[in-house]
Amino acid sequence: MKVRHLFVDYDNTLHDSDAKFIRHFHRPALALGLTGQQLWRLYLFEVHRGIVHRYHPERHDDKEFHCLLIFQRLGRPYDRGTASLLVSAFEKAMEECWRDPTFFPDAFPFLEEASRRWELHLATSENALQKALCVERVGGRRYFSSVLGDHNVGVRKTEKEYYLRALELAGARPEESVMVGDSLTHDILPARRAGLGTVWVNRKGERPEGEVGPEARDLREVLEFLRDP
């Protein structure tokens, strides 16, 4: 496959977003008798991806609904004060992901080499323009030919149509394009359905169900996989 366009995710691919949420979730987690890490995993994997994505996609951005489901999963009565703390923690973590970033050590070496070899496109959802500017500010230059997110794609990243629209906006063909990301539901599986090549950045050593295509432990391995023979 001759790669010309590389679509790159931001959260937990270039940037350690999980660390932001775990830290900000510490206070509401204490109220629930959990650690920040436990509450974040409950929110992200069991509730957001396990329930909302599958059965209530129209409630994707409804944070109070997520809180209600968390209390149900914990077998506890709904507490409005704790739910308010959780919603506030989520919003603060989201903003900190681009205001005060924590990039993985391999992020900028990857971007430097990748930008010399391929046309790069940032493919994310919320705050896409702010995230792109954050990358430029920390890296000292522009890396992305286009920035794709909620502001211009208009489709959730879990859908094939997100990537079809992203290809159109980037002026790219699927057979010459690869999506690089950490999330199977947001980055890999919908991109594959749209005809793109993919490389899954599996930093946590997760075990997927079914075929997910090429896999890399970090962005250095992504470069090894895509480097011309």
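Engineer: So what's going on with unusual backbone geometry? Residues and values would help.
Structural biologist: Its identity is not glycine, yet Asn12 carries a phi of approximately 65°, on the positive side. Following the sequence through the fold, Asn12 ends up in the loop between strand 1 (5-8) and helix 1 (17-24). Its identity as a non-glycine residue notwithstanding, Asn127 has a phi of 55°, on the positive side. Judged by its relative accessible area of 25%, Asn127 falls in the partly exposed class.

Engineer: Account for the packing of aromatic side chains, naming residues and giving values.
Structural biologist: Two aromatic rings, taken as a pair, are described by how far apart their centres are and by the angle between their planes. A full pass over the atoms with the stated rule returns 12 aromatic pairs. With a centroid separation of 5.9 Å and an interplanar angle of 85°, the aromatic rings of Tyr10 and Phe103 are classed as edge-to-face. Residue Tyr10 is found in the loop between strand 1 and helix 1, and its partner Phe103 is found in the loop between helix 5 (80-99) and helix 6 (107-117); the two are separated by 93 residues along the sequence. Summarising the aromatic geometry, the rings of Tyr162 and Tyr163 are spaced 4.9 Å apart at their centres and angled 65° between planes, so their arrangement reads as edge-to-face. Here the aromatic cluster, defined as three or more aromatic residues joined through ring pairs, consists of Phe21, Phe25, Trp40, Tyr43 and Phe90. Here the guanidinium or amino end of Arg59 rests over the ring plane of Phe65, the centre of that ring lying 4.1 Å away. Its end group placed over the ring of Phe104, Arg203 keeps NZ or CZ at 3.8 Å from the ring centre.

Engineer: Outline the pairing of strand 4 (residues 177-181), supporting the account with residue identities and numerical values.
Structural biologist: Summarising burial for strand 4: 5 of the 5 residues are buried, a large majority. Of the two faces of strand 4, both are covered, the one formed by Ser177, Met179 and Gly181 as well as the one formed by Val178 and Val180. Taken together, the 4 bridges between strand 1 and strand 4 define a ladder with parallel strand orientation. Counterpart to Val8 in the pairing with strand 4 is Val180. Sheet topology places strand 4 next to strand 5 (residues 197-201); 4 bridges connect them, and they run parallel. Across the sheet, residue Met179 finds its bridge partner in strand 5, namely Thr198. Crossover strand 4 to strand 5 through helix 9 (residues 184-193) is right-handed.

Parameters at a glance
Residues numbered from 1 in each chain as written. Predicted model: local features only at pLDDT ≥ 70, side-chain atom pairs only at ≥ 80, totals over all residues. Heavy atoms only, no water. Helix = DSSP H or I, 4+ residues; strand = E, 2+ residues; numbered from the N terminus. Buried < 20%, exposed > 50% of the residue type's maximum accessible area, 1.4 Å probe, protein only. Phe/Tyr/Trp six-rings, centres within 6.5 Å; stacked < 30°, edge-to-face > 60°. Lys NZ or Arg CZ within 6 Å of the ring centre and 35° of its normal. Pairing = 2+ DSSP bridges. Right-handed = clockwise from strand over helix to strand, strands pointing away.

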